Amino acid sequence: MSDLQGVRGTRDFYPDEMRLRNWLFSHFCAAAQLHGFEEYDAPVLEYEALYTRKAGEEIVEQLYGFEDKGGRRIALRPEMTPSLARMVLARAGALPLPIKWFSIPQCWRYERMQRGRGREHYQWNVDVWGCEGVEADVELLAVLCTFFGRVGLTPGEVGIRVSSRKVLQEVLDSVGVAGEQFAAVCIVIDKLGKLPPEEATAQLAAHGLDEAAVATIQRVLGLHDLDALADALSDGSVAVAELRALWALAGGYGIADWLEFDASIVRGLAYYTGPVFEAHDRSGTLRAICGGGRYDRLLSSFGGKDLPATGFGFGDMVILELLKDRDLLPVLAGSVQDVVFALKLELRPAAMEVASRLRAQGRSVDLVLEERRLKWVLKHADRAGAERLLLLAPEEWKRGFVKVRDLATGAESEVAPDAL
Ligand code: HAM
């Protein structure tokens, strides 16, 4: 029996769910395309080595990996960013900059199951490569806000918490922690709330952080106000200047209401180097809706020449939970417009001719394929959400007409096939 169940943590999409998924994806695509992004794709399989980073990230521990028949270590992608980096690197120098691309890949992670988290999810990715300035980061935030607005969410319901890896970088510099520890320390800090306190302290101590240093970090990460951050960091802080510039540009886009500065946003991936952000539902009941940030040094970790880059990943699961909670999910009808039915067996060829005519005009037509009673056909047409029922009846057809019933009004008329 167990062989007949789907793999734990994976989903089937029945037509109702598929309609909803397509609706969601259409808004993902539209928000990206409205900002001039182009779609790309990559295979779900990659060499496992593309993901084996050493900073202790969850994403690496959760990798679905296996050996293929040729003895190579392969992984199902847990995220799109390394594939995108591989694609950019493969055409380094040949791609016109900036690169503004989006994609909606299925990603795989061996996660602990919880609301809004599964072992596969579709993740809308939007990235800009080749722009050093915060203009690119703000562009991504604008894409996000456009999306939220399109699906009916407001800044009262969703907030995007923004900080910068440079905040933590400057704090670590001030307490004398060496640069090469930076990514690993970020990963531990990101887990602070989730790890038992002794465990967190031990892990931070292993990276050279004593109790006083941890207290300093925690104090700064508790800040929610840029002026307070400016007071806590040294004069001329790059982090503060960058975040202030980001807010000024966000004002230009009219999206500042969605944003809040939150120094505790560090993100759990090793490669981020600058502004980082996560969107959350303001009621605080769900996991992060999406997350992203700047990763200017990913290519050199693959042995290439660096190119500035920034982007985000946005899963399909939390957002659907949120939209359901807020009663914002649309009721979506199927795509069938016309149902065609031959009342007599010998009228089947005529029904097919009528169906073909309509399909050639671009109408979505469902031809009733079996012998049924009219009552069943009416119910079927209603369930399909069709606009019209076209009946092939012996007498009418002999006179050269099809009986057409408007399913909204119930009005019936006789129409010649070439006038349909
Ligand atoms: P991430 O924070 O690991 O970042 O994932 C981004 C988003 O993907 C999450 O906020 C969530 O919406 C969704 N997500 C992640 N894991 C799961 C899961 N197990 N089930 C359901 N949804 C999930 C990244 O993956 C980065 N590569 C994003 C990025 C793109 N940064 C720059 N460009």
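As a reminder, the structure under discussion sits directly above these lines.
Nothing here was measured: the structure is a model prediction, and the numbers come from that model.

Reading guide: rules and limits
- Residues numbered from 1 in each chain as written.
- Predicted model: local features only at pLDDT ≥ 70, side-chain atom pairs only at ≥ 80, totals over all residues.
- Heavy atoms only, no water.
- Buried < 20%, exposed > 50% of the residue type's maximum accessible area, 1.4 Å probe, protein only.
- Helix = DSSP H or I, 4+ residues; strand = E, 2+ residues; numbered from the N terminus.
- Contact = heavy atoms within 4.5 Å.
- Pairing = 2+ DSSP bridges.
- Salt bridge = Lys/Arg side-chain N within 4 Å of Asp/Glu carboxyl O.
- Patch = residues over 30% accessible without salt bridge, like charges linked within 9 Å, V, L, I, M, F, W, Y side chains within 5 Å.
- Areas by Shrake-Rupley, 256 points an atom, 1.4 Å probe, with all protein chains shown as cover.
- Lys, Arg positive; Asp, Glu negative; His and termini not counted.
- Charge placed at Lys NZ, Arg CZ, Asp CG, Glu CD.
- Near = heavy atom within 4 Å.
- Polar contact = N/O pair within 3.5 Å; in protein donor to acceptor, adjacent residues only side chain to side chain.
- Nonpolar A, V, L, I, M, F, W, Y, C, P; charged D, E, K, R; others polar.

1. Quick word on helix H6 (residues 182–190)
Right, so step 1: Within H6, seven of the nine residues are buried, which leaves the element mostly enclosed by the surrounding structure.
Right, so step 2: Inspection of H6 places Phe 182, Ala 184, Val 185, Cys 186, Ile 187, Val 188 and Ile 189 among the buried residues, and these make up the whole buried set.
Right, so step 3: In this fold, the buried residues of H6 make contact with helix H5 (165–174), helix H7 (197–206) and helix H8 (211–221).

2. A word on the pairing of strand S12 (residues 309–315)
Right, so step 1: Counted residue by residue, S12 has seven buried out of seven residues, so it is predominantly covered.
Right, so step 2: Alternating positions in S12 separate into two faces, Ala 309, Gly 311, Gly 313 and Gly 315 on one and Thr 310, Phe 312 and Phe 314 on the other, with burial throughout.
Right, so step 3: Examined bridge by bridge, strand S7 (residues 120–129) and S12 share seven bridges and lie antiparallel to one another. Paired with Asn 125 across the strands is Gly 313, a residue of S12.
Right, so step 4: The pairing of strand S11 (residues 290–294) with S12 spans five bridges and is antiparallel. Opposite Gly 291, over in S12, you have Gly 313 as the bridge partner.

3. Quick word on the pattern of salt bridges
Right, so step 1: Across all of its chains, the model carries 25 salt bridges by this definition.
Right, so step 2: The residue Glu 278 makes a salt bridge to Arg 267 at a minimum N-O spacing of 3.4 Å. Taken together, the positions of Glu 278 in strand S10 (residues 275–281) and Arg 267 in the loop between strand S9 (259–261) and S10 put the pair eleven residues apart, joining distant regions of the chain. Of the two residues, Glu 278 and Arg 267, both sit in the buried class.
Right, so step 3: Salt bridges here are not isolated pairs; linked through shared partners, they connect Asp 338, Arg 363, Glu 387 and Arg 388.

4. Some remarks on a positive patch on the surface
Right, so step 1: There is a patch of like positive charges on the surface, built from Arg 373, Lys 375, Lys 379 and Arg 383.
Right, so step 2: Along the chain, Lys 375 falls in helix H14 (residues 374–384).
Right, so step 3: Taking relative accessible area as the criterion, Lys 375 reaches 70% and is therefore assigned exposed.

5. So, the site of the ligand
Right, so step 1: Taken together, 25 residues are adjacent to the ligand, and Glu 79, Thr 81, Gly 118, Asp 127 and Tyr 272 come closest.
Right, so step 2: Interatomic distance of 2.9 Å between a side-chain N/O atom of Tyr 271 and a nitrogen atom of the ligand.
Right, so step 3: Protein contact buries 96% of the 660 Å² of open area that the ligand shows by itself.
Right, so step 4: Those elements giving two or more residues to the shell around the ligand turn out to be S7, S11 and S12.
Right, so step 5: By residue class, the composition of the shell around the ligand is nine nonpolar, ten polar and six charged.

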